[in-house]
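Reading the structure
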Amino acid sequence: MGNKQRKSRVNVSANSLRFDALGIVLPCLLIAFWYIITSYGRIPAYLLPPPLQVGQVALDFAVGTWQVTPYAGTLWDHALTSTIRVLRGFALAAVLGVPLGLLTGRISVVRRFLDPTVNMLRTVPGIGWLPLAMVWFGVGEKTTLFLIALAAFFPIYINSAQGASSVSPLYLRAGQMLGANRFSLFTTIIMPASFPSLAAGLRLGLGLSWAFVVLGELTGVTHGLGAVMMDARMLGHVDMVMVSMIYIALLGWLSDRILTALLRLIQPF
Amino acid sequence: MIDNQQQELIIDHLYMSFTRPDDGVPLKVLDNISFKAGGGEFISIVGPSGCGKTTLLNIIAGFEPVQEGRVLYNGQPVVKPSPERAMVFQSAVLFPWLTVHENVAYGLKRAGMKTSDYKSIVKDYLKMVRMQGFDDYYPEQLSGGMQQRVALARALVLQPAMLLMDEPFAALDAQTRLTMQELLLDLQQELSTTVILVTHDVEEALYLADRVYVMSKRPGRFIHDLTVPFKKPRTFSLRGAAAFAELKTEILQCIFDQVDD
Ligand SMILES: Nc1ncnc2c1ncn2[C@@H]1O[C@H](COP(=O)(O)OP(=O)(O)O)[C@@H](O)[C@H]1O
Ligand SMILES: [Mg+2]
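Definitions and limits used
- Residues numbered from 1 in each chain as written.
- Chains lettered and ligands numbered in written order.
- Predicted model: local features only at pLDDT ≥ 70, side-chain atom pairs only at ≥ 80, totals over all residues.
- Heavy atoms only, no water.
- Helix = DSSP H or I, 4+ residues; strand = E, 2+ residues; numbered from the N terminus.
- Contact = heavy atoms within 4.5 Å.
- Areas by Shrake-Rupley, 256 points an atom, 1.4 Å probe, with all protein chains shown as cover.
- Lys, Arg positive; Asp, Glu negative; His and termini not counted.
- Charge placed at Lys NZ, Arg CZ, Asp CG, Glu CD.
- Buried area = accessible area lost by both parts, 1.4 Å probe.
- Salt bridge = Lys/Arg side-chain N within 4 Å of Asp/Glu carboxyl O.
- Near = heavy atom within 4 Å.
- Polar contact = N/O pair within 3.5 Å; in protein donor to acceptor, adjacent residues only side chain to side chain.
- Nonpolar A, V, L, I, M, F, W, Y, C, P; charged D, E, K, R; others polar.
- Pairing = 2+ DSSP bridges.
- Buried < 20%, exposed > 50% of the residue type's maximum accessible area, 1.4 Å probe, protein only.
- Phe/Tyr/Trp six-rings, centres within 6.5 Å; stacked < 30°, edge-to-face > 60°.
- Domains from an automatic or database assignment.
- Patch = residues over 30% accessible without salt bridge, like charges linked within 9 Å, V, L, I, M, F, W, Y side chains within 5 Å.

Attention now moves to the overall build of chain A. Of regular secondary structure, chain A possesses 11 helices and 0 strands. Beginning at the N terminus, the succession of helices and strands in chain A can be written as α-α-α-α-α-α-α-α-α-α-α. A principal-axis box enclosing the C-alpha atoms of chain A has dimensions of 75 × 55 × 30 Å. For chain A, contacts bridging at least 24 residues in sequence account for 69% of all contacts bridging at least 6. Of the accessible surface of chain A, which amounts to about 14900 Å², a share of 71% is contributed by carbon and sulfur atoms. Side chains of chain A give 19 positive and 9 negative charges; the mean places of these two sets differ by 20 Å.

Right, let's get into the interface of chain B and chain A. Accessible area lost during the coming together of the parts is what is often quoted as the interface size. The interface of chain B with chain A comprises 28 residues on the first partner and 23 residues on the second. Of the roughly 2400 Å² buried between chain B and chain A on both sides combined, carbon and sulfur atoms contribute 66%. It is Trp97, Tyr106 and Tyr138 of chain B that lose the most area in chain B upon contact with chain A, and together they represent 27% of the buried surface on that side. Where chain B touches chain A, the interface holds 1 salt bridge.

Residue and element names in this part refer to chain B. Near ligand 1 you find Phe18, Leu27, Val29, Ser49, Gly50, Cys51, Gly52, Lys53, Thr54, Thr55 and Arg218, and these make up its full shell. Within the contact set of ligand 1, an oxygen atom lies 3.1 Å away from a backbone nitrogen or oxygen of Gly52. Note that an oxygen atom of ligand 1 is positioned 2.9 Å from one of the backbone N or O atoms of Lys53. Considered on its own, ligand 1 offers 570 Å² of accessible surface; in the complex 64% of this is hidden by protein. If you list the elements that add at least two residues to the shell around ligand 1, you get strand S2 (26-38) and helix H1 (53-61). A per-element tally of the shell around ligand 1 places H1 first, with 3 residues. A class-by-class count of the residues in the shell around ligand 1 yields 4 nonpolar, 5 polar and 2 charged.

This paragraph deals with the pairing of strand S10 (residues 222-227) of chain B. Residues and elements named next belong to chain B. In this structure, strand S9 (residues 211-215) lies alongside S10, joined through 5 bridges in antiparallel fashion. Residue pairing for S10: Arg211 is matched across the bridge by Thr227. Where S9 hands over to S10, the hairpin turn is made up of 6 residues, counted between the paired strands.

It is worth spelling out the pattern of salt bridges at this point. Residues and elements named next belong to chain B. The full count for this structure, using the stated rule, is 16 salt bridges over all chains. In this structure, Arg70 engages Asp12 in a salt bridge whose closest nitrogen and oxygen atoms are separated by 3.0 Å. Of this pair, Arg70 sits in strand S4 (residues 68-73) while Asp12 sits in strand S1 (residues 7-19), and the two are 58 residues apart along the sequence. According to the relative accessible area criterion, Arg70 is partly exposed, its value standing at 46%.

Residue placement: Leu178 of chain A occurs in the loop between helix H8 (169-177) and helix H9 (182-217). Look past the residues within four positions of Leu178 of chain A in its chain and what remains in contact with it is Pro83, Phe95, Tyr106, Gly107, Arg110, Arg154 and Leu158 of chain B.

Right, let's get into the packing of aromatic side chains. Applying the stated rule across the entire model yields 18 aromatic pairs over all chains. Ring geometry for Phe153 of chain A against Phe154 of chain A: centres 5.7 Å apart, planes inclined by 75°, an arrangement best described as edge-to-face. Across this residue pair, the class does not change: Phe153 of chain A and Phe154 of chain A are buried. Ring centres 5.4 Å apart and planes at 50° place the aromatic pair Phe35 of chain B and Tyr213 of chain B in the tilted group. Taken together, the positions of Phe35 of chain B in strand S2 and Tyr213 of chain B in strand S9 put the pair 178 residues apart, joining distant regions of the chain.

Once that is clear, we can look at the domain arrangement of chain B. Residues and elements named next belong to chain B. By domain assignment, chain B separates into domain 1 (9-84 + 163-256) and domain 2 (98-159). Contact between domain 1 and domain 2 buries roughly 1100 Å² in total, counting both sides, with carbon and sulfur atoms accounting for 80%. Among the residues of domain 1 in contact with domain 2, Met180, Leu183 and Leu187 are the three that bury the most area, contributing 39% of the side total. Summed over the shared surface of domain 1 and domain 2, the number is 1 residue pair in polar contact (both at pLDDT 80 or more). Listed by contribution, the elements that provide at least two residues to the side of domain 1 that touches domain 2 are strand S7 (162-166) and helix H5 (174-191). Looking at which element gives the most residues to the side of domain 1 that touches domain 2, the answer is H5, with 9 residues. Tallied by class, the residues present in the side of domain 1 that touches domain 2 amount to 11 nonpolar, 3 polar and 2 charged.

Let us now look at a nonpolar patch on the surface. Together, Leu22, Val25, Leu26, Leu29 and Leu30 of chain A make up a nonpolar patch on the protein surface, roughly 520 Å² of accessible area in all. Its location among the elements puts Leu29 of chain A in helix H2 (residues 25-39).

Right, dumping it as structure tokens:
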């Protein structure tokens, strides 16, 4: 009886995933438009390659059958490199952002100590850190990790703090009345009650991680989808630039779906 | 009727005021409240909205500090909440991220009980409030009355010496309210827990209680108290009895006189 109920609620939340035909009308029109302007010679291929060519390059990038570009068959290698960078940077941001955010939301001394500094640092756009990061960490791996962790930290921290500070005092009273001490109040009331807000912060943070892995990889590493983009631009492979963009978008979307599924596993409600 | 040694809770000349948030002027809420409770007695406190009923319960529960006067529980000043004085709130305040079973088990877990030990206890208490079979439901999947039953089980499972109830049935529809009142009457007979129930429903107060205190409008003070003469167990037909109606009128008159001046 209980299980049946539970399933039906999963269905409700899965509604947002349901296919809506209206949503793909515009993309189809855009692709048709793209096809028309590229196949009737209005726009040269070195500026905008036709969709079929981009499709073939994309497939070739993954399987390497046709060798149409120097990057044929190397997708998995680059995608893995970028993904690992994203996961490392994101993990760093989450490990710092979640506990600090929760503490900021609950403990006034911590908030007064941290909040002004965090808000000040936050006013610098993430991209603005790039030159300084290159001076500090050199070109490559460390700079990329720094940029990702920094960019993802803010939404994770802020949403965790927001969630923790808006826990209903009635839940806290109920917890205390049922025998929770300060520590168990934190782990059994404040954390789960903040969870929806915390989860939203993590998803925002992961999205930013993908944006900033590209930024980091544009600056002189040899591996990763961002590096492929930069390299292809210099070699005049506009199709490869576009293909890299598409794969980054796909990976970003996929990782968000996986994160959402994991979060739902932790807290089904 | 009940001798003083048995009194678990002593409220002695309790005053309370809040600071009004807009102009900082003190707002007197409780005015010289004194009473005793214990020995499995069922006490109802009835008064108009905003008279300070919730505030009084919050002080007894240990959620609000005592400003002036004394609140003693088993001889000790009340300073913080305790499972010995369990509260059932007006809205059930179940934890929405926990299932019904987990909500009821919450306090037992905090007391260090192991899963194997509390599982059957939780089932017993869910059965007691007629909620067997709903273990895996989440609170939002239950009606208001069902949620309040679970809240009752969550409090009772800790075997509190005292149950504090803040208009627990006020948000329910009329039929559900009657059913819940019968349930509470039965459970209190069975467990002989001391109950302090605050309500604005005069009939509810009278039907359930051994003793009724009537509160004035804010600042709340006791303007009347009476011992309810009807023996327990009580049955539904009591509500129609002439003597019941007489007492009800007496209390209503009391409240009505207040509103006048
Ligand atoms: N935390 C608070 N700060 C200021 N005023 C409050 C606070 N809590 C309650 N009050 C005021 O105290 C009065 C009594 O409130 P309450 O005890 O909730 O009444 P009741 O439960 O009898 O309806 C009300 O006028 C209310 O506005
Ligand atoms: Mg109230």
